[in-house]
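Working through the structure, step by step
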2 protein chains.
Amino acid sequence: MEPDISIPDVVIKRLPIYARALTAMLDAGSETVSSKELALATGSTAAQIRRDLSYFGEFGKQGKGYNIPHLLDAIRDILNINERYRVVVVGAGPLGQAIARYGGFSEHGFQLSWVYDHNPERIGTTLNDVVVEDVATMPERIRAMQVRVAIIAVPASAAQEVADTLVESGVKAILNYAPAVLRVSSDVRVYDIDPVSALQALTYYLAPAPSRLRRT
Amino acid sequence: MEPDISIPDVVIKRLPIYARALTAMLDAGSETVSSKELALATGSTAAQIRRDLSYFGEFGKQGKGYNIPHLLDAIRDILNINERYRVVVVGAGPLGQAIARYGGFSEHGFQLSWVYDHNPERIGTTLNDVVVEDVATMPERIRAMQVRVAIIAVPASAAQEVADTLVESGVKAILNYAPAVLRVSSDVRVYDIDPVSALQALTYYLAPAPSRLRRT
DNA sequence: ACGTGTGAAGTCTTTCACAGCG
DNA sequence: CGCTGTGAAAGACTTCACACGT
């Protein structure tokens, strides 16, 4: 038996984009799609799509392309998004509130079941039918409900402590909105979303090209 | 003269993280930092930091490390974040409101000066001292004020149309919160932020390892 | 003839490892 | 001696291009 090869992270990050495009095509009533068409819809290339999918199996038919419902199902299966997830949100400040109120998560299988905060003024308030609870009660709840996904929406100064608590309680996937680098054990995944860093990376490209070139 | 070499995008995306860590160190009163220490603070490696910085010049001193104020200034200069940017936000729904109300942009030099929407019920309302205006008046304003940075916070179905309008008006950098792939001319940069895709990528890793390996 | 799946090639990115400077 | 800057090597990812199945 040959050694199994693990799949590049960058491939995993593209799968949700493929799934999104396939969902739109399914809704539009299409039956099949070629790698070329899917590339056009996702901003990728045909070769990349074929390569990406080939990590997981053979989903297409030569001369025909991919059956949309079948491929979509396969990708959803690979990403484990056919399952429904309970998600805790830590931080009920403006950002946490916006996240808790955003309807988009629920319709994609992520149930924002609990919002936690530290601040007594926020505890007991309600966001989208969810009551903000004291963060002190969080570990017990996470363990009892076996929550594996969390969203951190606290200030940077509190983020590491929150992450430690989450990890200790059994959380394995963290979506981190705090502008902080989190140190977690290697079996826990962190995905950072920081709009300020994003904008700062974007403004680099606003300079006239010459200054963006390496000295020689 | 040798041909200049352009800098990898992935390097540019790391610079804001370095800047953030250096700012914290500066506030903490440190004078110098080694690539090793900076690596620890940013979740990178010493070699990578040295290589990344070497694209832009020689900022360190052997045996000593990097002078924090000097390096921070250099990075801010590379990213063009010493400048202040006017930013338009398109979409005054829940997401646009949260973005407009989030204070973090302004303190990093991004001035969310205008919020636009399509919906008459939202036009005229106020978010953080900013009045929501009719998107029909947006192109003129962008051109007049030479706005180059925009944030898209509209539903996916409207995102491409908004992007087209922005680009036509002269915007060169777009932070896209809509779950849609935007097609823009090659002199315009798009940075996508999609929390649902992020969560979907994260849940991949929740499966027991065996199913995450390539068939052989 | 069309379009997949994939070796092989090419390109990009990271890491190693060390000369050389302070 | 400590630490940078960087050739060279290794590794990761993308693209090419084509054999093969439909």
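Placed above this text is the structure.
Attention shifts here to the protein's contact with DNA strand C. The immediate surroundings of DNA strand C are formed by 22 residues, with Ser35, Arg50, Arg51 and Gln62 of chain A together with Arg14 of chain B found nearest. Here, DNA strand C places atoms within 4 Å of the protein, and 55% of those atoms are sugar or phosphate. The separation between a phosphate oxygen of DNA strand C and a polar side-chain atom of Ser35 of chain A is 2.6 Å. Here a sugar or linking oxygen of DNA strand C and a backbone polar atom of Gly63 of chain A are 2.9 Å apart. Grouping the constituent residues of the surface near DNA strand C by class yields four nonpolar, 10 polar and eight charged.

Residue and element names in this part refer to chain B. Within the element layout of this structure, Ser44 appears in the loop between helix H2 (35-42) and helix H3 (46-54). Looking at Ser44, its side chain comes within polar contact range of the side chain of Gln48, at 3.2 Å. Residues contacting Ser44, with those up to four places away along its chain left out, are Tyr18, Ala39 and Ile49.

Quick look at the relation of the copies chain B and chain A now. Mapping chain B onto chain A leaves a residual RMSD of 0.0 Å; the transformation is a rotation of 180° accompanied by 0.0 Å of translation along its axis. On this basis, the relationship between the two copies can be described by a two-fold rotation axis. Considering only C-alpha atoms, the residue of chain B closest to the rotation axis is Ala98 of chain B, which sits at 2.9 Å. Most of the interface of chain B is mirrored in chain A: 100% of its interface residues are interface residues there too.

Calculation criteria
- Residues numbered from 1 in each chain as written.
- Chains lettered and ligands numbered in written order.
- Predicted model: local features only at pLDDT ≥ 70, side-chain atom pairs only at ≥ 80, totals over all residues.
- Heavy atoms only, no water.
- Near = heavy atom within 4 Å.
- Polar contact = N/O pair within 3.5 Å; in protein donor to acceptor, adjacent residues only side chain to side chain.
- Nonpolar A, V, L, I, M, F, W, Y, C, P; charged D, E, K, R; others polar.
- Helix = DSSP H or I, 4+ residues; strand = E, 2+ residues; numbered from the N terminus.
- Contact = heavy atoms within 4.5 Å.
- Least-squares fit on C-alpha atoms with pLDDT ≥ 70 in both.

By themselves, these observations are geometric and do not establish any function.
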